[in-house]
Amino acid sequence: MGAEKSLNTGLAATIREGRGTTSKGTGASLKQEAEIRTKGSSLEAASGSATASAGDSPYIQVDRALKRCQYSQDALIEILHTAQETFGFLGEDTLTYIAHELKLPLSWVYGVASFYHHFNLKPQGEHSCNICMGTACFVKRAGEIVAAMEREFCVKAGETTADGKLSINIVRCLGNCGLAPMVIMDGKVHSRQTSESLLEECRKVLKG
Ligand code: FES
(Lines give C-alpha, C1' and ligand atoms only; values in the text may rest on other atoms or scores of the structure.)
Protein backbone atom coordinates (compact mmCIF):
# COMPACT_ATOMS: atom_id res chain seq x y z
CA MET A 1 0.00 0.00 0.00
CA GLY A 2 2.84 2.34 0.85
CA ALA A 3 4.53 1.58 -2.37
CA GLU A 4 1.42 2.47 -4.30
CA LYS A 5 1.21 5.67 -2.30
CA SER A 6 4.64 6.58 -3.41
CA LEU A 7 3.93 5.92 -7.06
CA ASN A 8 6.09 8.00 -9.27
CA THR A 9 3.50 9.33 -11.66
CA GLY A 10 6.13 10.15 -14.26
CA LEU A 11 7.27 6.58 -14.20
CA ALA A 12 3.73 5.28 -14.46
CA ALA A 13 3.26 7.51 -17.49
CA THR A 14 6.46 6.20 -18.98
CA ILE A 15 5.28 2.64 -18.55
CA ARG A 16 1.98 3.50 -20.17
CA GLU A 17 3.88 4.96 -23.09
CA GLY A 18 5.67 1.66 -23.50
CA ARG A 19 9.18 2.94 -22.93
CA GLY A 20 9.98 -0.25 -21.06
CA THR A 21 10.70 -1.90 -24.37
CA THR A 22 13.88 -3.87 -24.64
CA SER A 23 13.96 -4.12 -28.38
CA LYS A 24 17.39 -3.81 -29.91
CA GLY A 25 16.39 -0.78 -31.91
CA THR A 26 15.80 1.34 -28.82
CA GLY A 27 18.25 -0.21 -26.41
CA ALA A 28 21.30 1.96 -27.01
CA SER A 29 19.43 5.23 -27.09
CA LEU A 30 17.50 4.25 -23.99
CA LYS A 31 20.69 3.55 -22.09
CA GLN A 32 22.27 6.77 -23.28
CA GLU A 33 19.19 8.75 -22.40
CA ALA A 34 19.00 7.20 -18.96
CA GLU A 35 22.64 8.11 -18.31
CA ILE A 36 22.27 11.67 -19.52
CA ARG A 37 19.11 12.26 -17.56
CA THR A 38 20.52 10.78 -14.43
CA LYS A 39 23.70 12.83 -14.67
CA GLY A 40 21.49 15.87 -14.97
CA SER A 41 19.49 14.94 -11.92
CA SER A 42 21.19 16.69 -9.06
CA LEU A 43 18.46 15.43 -6.74
CA GLU A 44 19.32 11.81 -7.31
CA ALA A 45 23.03 12.44 -7.14
CA ALA A 46 22.69 14.50 -3.98
CA SER A 47 20.55 11.98 -2.14
CA GLY A 48 22.65 8.98 -3.03
CA SER A 49 25.96 7.71 -1.91
CA ALA A 50 27.31 6.93 -5.33
CA THR A 51 31.03 6.56 -5.29
CA ALA A 52 31.52 7.16 -8.99
CA SER A 53 34.11 9.79 -9.74
CA ALA A 54 33.65 12.51 -12.33
CA GLY A 55 33.38 11.07 -15.80
CA ASP A 56 32.31 7.63 -14.58
CA SER A 57 28.90 6.26 -15.39
CA PRO A 58 26.57 6.95 -12.49
CA TYR A 59 25.65 3.30 -12.76
CA ILE A 60 29.12 1.94 -12.07
CA GLN A 61 28.01 0.11 -8.91
CA VAL A 62 24.93 -1.21 -10.65
CA ASP A 63 27.05 -2.34 -13.61
CA ARG A 64 29.36 -4.22 -11.25
CA ALA A 65 26.40 -5.98 -9.66
CA LEU A 66 25.00 -6.80 -13.10
CA LYS A 67 28.30 -8.33 -14.16
CA ARG A 68 28.62 -10.24 -10.91
CA CYS A 69 25.15 -11.71 -11.49
CA GLN A 70 25.92 -12.31 -15.18
CA TYR A 71 22.95 -10.18 -16.18
CA SER A 72 20.61 -12.85 -14.87
CA GLN A 73 17.00 -11.71 -14.72
CA ASP A 74 16.67 -13.77 -11.55
CA ALA A 75 19.02 -11.30 -9.87
CA LEU A 76 16.59 -8.40 -10.28
CA ILE A 77 16.04 -7.90 -6.57
CA GLU A 78 19.76 -7.94 -5.85
CA ILE A 79 20.35 -5.36 -8.58
CA LEU A 80 17.55 -3.17 -7.26
CA HIS A 81 19.07 -3.43 -3.80
CA THR A 82 22.47 -2.31 -5.11
CA ALA A 83 20.89 0.58 -7.00
CA GLN A 84 19.03 1.76 -3.92
CA GLU A 85 22.17 1.56 -1.82
CA THR A 86 23.93 3.63 -4.46
CA PHE A 87 21.33 6.31 -5.10
CA GLY A 88 19.20 6.20 -1.97
CA PHE A 89 16.05 5.48 -3.95
CA LEU A 90 14.95 3.94 -7.23
CA GLY A 91 14.16 6.73 -9.63
CA GLU A 92 12.67 6.39 -13.07
CA ASP A 93 16.03 6.57 -14.80
CA THR A 94 17.49 3.88 -12.62
CA LEU A 95 14.57 1.49 -13.14
CA THR A 96 14.70 2.15 -16.87
CA TYR A 97 18.41 1.41 -16.95
CA ILE A 98 18.04 -1.84 -15.00
CA ALA A 99 15.12 -2.94 -17.18
CA HIS A 100 17.21 -2.34 -20.25
CA GLU A 101 20.29 -4.12 -18.94
CA LEU A 102 18.32 -7.18 -17.78
CA LYS A 103 16.17 -7.15 -20.91
CA LEU A 104 13.03 -7.03 -18.82
CA PRO A 105 9.93 -4.89 -19.43
CA LEU A 106 10.06 -1.70 -17.37
CA SER A 107 6.59 -2.53 -16.06
CA TRP A 108 7.97 -5.75 -14.58
CA VAL A 109 10.90 -4.03 -12.89
CA TYR A 110 8.62 -1.29 -11.61
CA GLY A 111 6.14 -3.90 -10.35
CA VAL A 112 8.84 -5.63 -8.31
CA ALA A 113 10.28 -2.36 -6.97
CA SER A 114 6.86 -1.11 -5.91
CA PHE A 115 5.83 -4.41 -4.33
CA TYR A 116 8.49 -4.52 -1.64
CA HIS A 117 8.32 -1.83 1.03
CA HIS A 118 12.10 -2.03 1.29
CA PHE A 119 12.43 -0.18 -2.01
CA ASN A 120 11.82 3.57 -2.21
CA LEU A 121 10.63 5.10 -5.45
CA LYS A 122 11.12 8.61 -4.14
CA PRO A 123 14.06 10.30 -2.40
CA GLN A 124 13.89 9.67 1.32
CA GLY A 125 14.51 12.01 4.22
CA GLU A 126 17.26 11.63 6.76
CA HIS A 127 14.92 9.45 8.81
CA SER A 128 12.18 7.19 7.59
CA CYS A 129 9.08 6.00 9.38
CA ASN A 130 7.24 3.13 7.70
CA ILE A 131 3.79 2.58 9.16
CA CYS A 132 2.04 -0.68 8.38
CA MET A 133 -1.50 -0.32 7.10
CA GLY A 134 -2.14 -4.00 6.47
CA THR A 135 -5.46 -5.36 7.66
CA ALA A 136 -4.44 -6.24 11.22
CA CYS A 137 -2.69 -2.92 11.79
CA PHE A 138 -5.53 -1.03 10.17
CA VAL A 139 -8.04 -2.70 12.48
CA LYS A 140 -5.83 -1.73 15.42
CA ARG A 141 -6.08 1.92 14.40
CA ALA A 142 -2.92 2.40 12.41
CA GLY A 143 -4.85 5.05 10.49
CA GLU A 144 -5.00 7.18 13.61
CA ILE A 145 -1.25 6.87 14.00
CA VAL A 146 -0.74 8.02 10.42
CA ALA A 147 -3.05 11.00 10.93
CA ALA A 148 -1.24 11.98 14.14
CA MET A 149 2.14 11.81 12.40
CA GLU A 150 0.88 13.88 9.48
CA ARG A 151 -0.45 16.52 11.84
CA GLU A 152 2.65 16.64 14.01
CA PHE A 153 5.19 16.85 11.21
CA CYS A 154 3.08 18.72 8.66
CA VAL A 155 3.65 16.18 5.91
CA LYS A 156 1.43 13.75 4.07
CA ALA A 157 2.11 10.03 4.25
CA GLY A 158 4.26 9.04 1.29
CA GLU A 159 6.19 12.30 1.42
CA THR A 160 9.15 13.92 3.13
CA THR A 161 9.14 16.96 5.41
CA ALA A 162 10.24 20.24 3.85
CA ASP A 163 13.50 20.18 5.81
CA GLY A 164 14.29 16.71 4.47
CA LYS A 165 14.47 15.25 7.97
CA LEU A 166 11.60 12.74 7.96
CA SER A 167 9.81 10.58 5.43
CA ILE A 168 6.54 8.96 6.41
CA ASN A 169 5.60 5.91 4.37
CA ILE A 170 2.64 3.57 4.39
CA VAL A 171 3.62 -0.05 3.90
CA ARG A 172 1.92 -3.40 3.50
CA CYS A 173 1.81 -6.11 6.12
CA LEU A 174 5.17 -6.38 7.81
CA GLY A 175 4.51 -10.01 8.67
CA ASN A 176 4.04 -9.63 12.39
CA CYS A 177 0.31 -9.03 12.66
CA GLY A 178 0.12 -10.39 16.21
CA LEU A 179 2.04 -7.32 17.36
CA ALA A 180 -0.02 -4.77 15.42
CA PRO A 181 0.16 -1.88 14.88
CA MET A 182 3.67 -2.26 13.55
CA VAL A 183 6.09 0.50 12.54
CA ILE A 184 9.64 0.45 11.23
CA MET A 185 11.57 3.58 12.15
CA ASP A 186 15.03 3.86 10.58
CA GLY A 187 15.12 0.11 10.17
CA LYS A 188 14.16 -0.58 13.78
CA VAL A 189 10.94 -2.48 14.42
CA HIS A 190 8.40 -1.06 16.85
CA SER A 191 5.39 -3.16 17.80
CA ARG A 192 2.01 -2.36 19.37
CA GLN A 193 2.37 1.30 18.60
CA THR A 194 0.02 4.11 19.54
CA SER A 195 0.00 7.66 18.25
CA GLU A 196 1.64 8.80 21.47
CA SER A 197 4.37 6.17 21.52
CA LEU A 198 5.33 6.75 17.90
CA LEU A 199 5.29 10.53 18.19
CA GLU A 200 7.55 10.28 21.20
CA GLU A 201 9.93 7.96 19.37
CA CYS A 202 10.00 10.23 16.32
CA ARG A 203 10.69 13.34 18.35
CA LYS A 204 13.53 11.52 20.05
CA VAL A 205 15.02 10.32 16.78
CA LEU A 206 14.73 13.73 15.15
CA LYS A 207 16.46 15.38 18.09
CA GLY A 208 19.32 12.99 17.62
S1 FES B 1 -0.92 -6.08 9.01
FE2 FES B 1 0.64 -4.96 9.96
S3 FES B 1 2.09 -6.48 10.47
FE4 FES B 1 0.56 -7.58 9.38
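To be clear, the structure that these remarks concern was listed above.
Basis of the calculations
Residues numbered from 1 in each chain as written. Predicted model: local features only at pLDDT ≥ 70, side-chain atom pairs only at ≥ 80, totals over all residues. Helix = DSSP H or I, 4+ residues; strand = E, 2+ residues; numbered from the N terminus. Buried ≥ 20, exposed ≤ 12 C-beta atoms within 10 Å, placed from the backbone. Axes fitted to C-alpha atoms, helices over the stretch in contact; angles between N-to-C directions. Parallel < 35°, antiparallel > 145°, perpendicular 65-115°, else oblique. Left-handed = near helix turned anticlockwise from the far one by under 90°. Contact = placed C-beta atoms within 7 Å. Nonpolar A, V, L, I, M, F, W, Y, C, P; charged D, E, K, R; others polar. Pairing = 2+ DSSP bridges.

A. Structural view of the overall build of the chain. Per the secondary structure count, the chain includes 11 helices and 4 strands. Here the chain holds 208 residues, and the buried ones make up 36% of them.

B. View of the packing of helix H7 (residues 92-102) against helix H8 (residues 106-115). Running from N to C, H7 and H8 point in directions that differ by 120 degrees, and their axes come no closer than 9 Å. Taken together, H7 and H8 sit at an angle that is classed as oblique. Crossing handedness for the pair H7 and H8: right-handed. Mapping the contact onto sequence places Leu 95, Thr 96, Ile 98 and Ala 99 in H7 and Leu 106, Val 109, Tyr 110 and Ala 113 in H8. By residue class, the composition of the contact of H7 with H8 is 7 nonpolar, 1 polar and no charged.

C. Spotlight on the pairing of strand S1 (residues 127-132). By the bridge criterion, 6 bridges tie S1 to strand S2 (residues 166-171) in an arrangement that is parallel. Bridge pairing in S2 places Cys 132 opposite Val 171. The sheet contact formed by S1 and strand S3 (residues 183-185) spans 3 bridges and is antiparallel. Bridge pairing in S3 places Asn 130 opposite Ile 184.

D. The sheet that holds strand S4 (residues 188-190), seen in detail. Ordered in space as S2-S1-S3-S4, the 4 strands form an open sheet in which the pairing is mixed. Two strands in the sheet have a free side with no partner beyond their single neighbour: S2 and S4. In this sheet, neighbouring strand axes are inclined to one another by 20 degrees on average, regardless of whether the strands run parallel or antiparallel. In this fold helix H11 (residues 195-207) packs onto S1, S2, S3 and S4, with an angle of close to 10 degrees to the strand it touches most, S3.

E. Representation of unusual backbone geometry. Following Ala 180, the chain continues into Pro 181 via a peptide bond in cis, with omega recorded as 0 degrees. If you trace the backbone, Pro 181 turns up in the loop between S2 and S3. Here Tyr 71, not a glycine, exhibits a phi torsion of approximately 55 degrees, which is positive. As for its placement among the helices and strands, Tyr 71 is situated in the loop between helix H5 (60-68) and helix H6 (76-87).

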